[in-house]
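Listed below, chain by chain, are the residues.
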Amino acid sequence: MLSVKELRLFVQRLTEKEFREQLGPFVLIQRPANEPGVSDTNKWGVPPNAQRTSMARPEVVSTGALSLLFQFDDLVVATVPPMEGVDELSVGRSPDNDLVIDDSSASKRHAMLRWDAAHGRCTVQDLSSTNGTFLNASVRIRRETTLKNGDILSFGEVQYWFLLTDTLYVKLRAGDSRSRL
């Protein structure tokens, strides 16, 4: 994973097209591990990849989503495989997912992201997870939903900021972590 601070240096040497080729069409940005809301164990001391999924706490989901908006420079970009054409990205606690969430509030197979290059859009679908998938900390996703640039996705208690790579490029080039999307 690369931090936003590291990406600021990276973006100065690349064109927007080169940046997109390196990261893909979109990025998922999160707090680094060992930050509040990104735990090594759940509230009972159970390791994240334990067999059982723990219940998510709504207050953690709400405060975690807000913190993404105010701690931009301290965030990291999750590593996901490059996506082209129509492509899927599995999300969950199990190590065979494309995006592994190392937190017991995430289900083993939690959700699926689908990128459609022809339409330039990404959708998310919850896979009947225990704690659900939430959009912007309030809307529980019950069917495949199209994401908008800047949406906050919550898988259990773990939040990701969904940004199109072009938006991240412009934001990093501008150098202002508080700039509006």
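Refer to the structure above for everything that follows.
What you are looking at is a predicted structure, and each value in this text was computed from that prediction instead of being measured.

Attention now goes to the sheet that holds strand 2 (residues 26-30). With antiparallel pairing, the seven strands of this open sheet are ordered in space as 1-3-2-12-11-8-9. What marks the edges here is a single partner per strand, and that holds for strand 1 (2-3) and strand 9 (139-140). Inspection of the sheet shows strand 8 (residues 133-135) paired to strand 9 by two bridges, in the antiparallel sense. Paired with leucine 135 across the strands is valine 139, a residue of strand 9.

On to the environment of serine 129. Checked against the element boundaries, serine 129 lands in the loop between strand 7 (121-126) and strand 8. Sequence separation between serine 129 and arginine 109 is 20 residues, and the spatial gap between their C-alpha atoms is 7.1 Å. Setting aside residues no more than four positions away along its own chain, serine 129 makes contact with Ser107, His110 and Arg140. Only 2.6 Å separates the side chain of serine 129 from the side chain of aspartate 126, close enough to count as a polar contact. A polar contact is formed between the side chain of serine 129 and the backbone nitrogen of glycine 132, at a distance of 3.0 Å.

Attention shifts here to helix 4 (residues 165-174). Those residues of helix 4 that sit buried are Thr165, Thr167, Leu168, Tyr169, Lys171 and Leu172. Packed against the buried residues of helix 4 are helix 1 (4-11), helix 2 (16-23), strand 2, strand 3 (76-77) and strand 12 (158-164). Trailing helix 4 by a residue or two, glycine 175 shows a phi angle of about 80 degrees, which is positive.

All right, on to the packing of aromatic side chains then. Taken as a whole and assessed by the stated rule, the structure comprises five aromatic pairs. An angle of 50 degrees between the planes, with centres 6.4 Å apart, marks the rings of phenylalanine 10 and phenylalanine 19 as tilted. A residue is classified by how much of its surface remains accessible, and phenylalanine 19, at 0% relative accessible area, is buried. Seen from their ring centres, phenylalanine 19 and tyrosine 169 are 5.3 Å apart, and the 55 degrees between their planes marks the pair as tilted. With phenylalanine 19 in helix 2 and tyrosine 169 in helix 4, this residue pair connects regions lying 150 residues apart in the sequence. Taken together, the ring pairs connect Phe10, Phe19 and Tyr169 into an aromatic cluster.

So, about the side chain of aspartate 126. Along the chain, the position of aspartate 126 falls in strand 7. No salt bridge forms around the buried aspartate 126; measuring N to O, its nearest opposite-charge neighbour arginine 140 is 5.3 Å away. A polar contact is formed between the side chain of aspartate 126 and the backbone nitrogen of serine 128, at a distance of 3.0 Å. A polar contact is formed between the side chain of aspartate 126 and the side chain of threonine 133, at a distance of 2.6 Å. Residues within four places of aspartate 126 in sequence aside, it is in contact with His110, Ala111, Gly132, Thr133 and Ile141.

Quick look at the pairing of strand 2 now. The element strand 2 is extensively covered by neighbouring structure, given that five of its five residues are classed as buried. Of the two faces of strand 2, the one carrying Phe26, Leu28 and Gln30 and the one carrying Val27 and Ile29 are both buried. Pairing geometry for strand 2 and strand 3, over two bridges, is antiparallel. Following the sheet pairing, isoleucine 29 is matched in strand 3 by valine 77.

Each value, and the rule that gives it
- Residues numbered from 1 in each chain as written.
- Predicted model: local features only at pLDDT ≥ 70, side-chain atom pairs only at ≥ 80, totals over all residues.
- Heavy atoms only, no water.
- Pairing = 2+ DSSP bridges.
- Helix = DSSP H or I, 4+ residues; strand = E, 2+ residues; numbered from the N terminus.
- Contact = heavy atoms within 4.5 Å.
- Polar contact = N/O pair within 3.5 Å; in protein donor to acceptor, adjacent residues only side chain to side chain.
- Buried < 20%, exposed > 50% of the residue type's maximum accessible area, 1.4 Å probe, protein only.
- Phe/Tyr/Trp six-rings, centres within 6.5 Å; stacked < 30°, edge-to-face > 60°.
- Lys, Arg positive; Asp, Glu negative; His and termini not counted.
- Salt bridge = Lys/Arg side-chain N within 4 Å of Asp/Glu carboxyl O.

Just distances and angles here, no functional claims.
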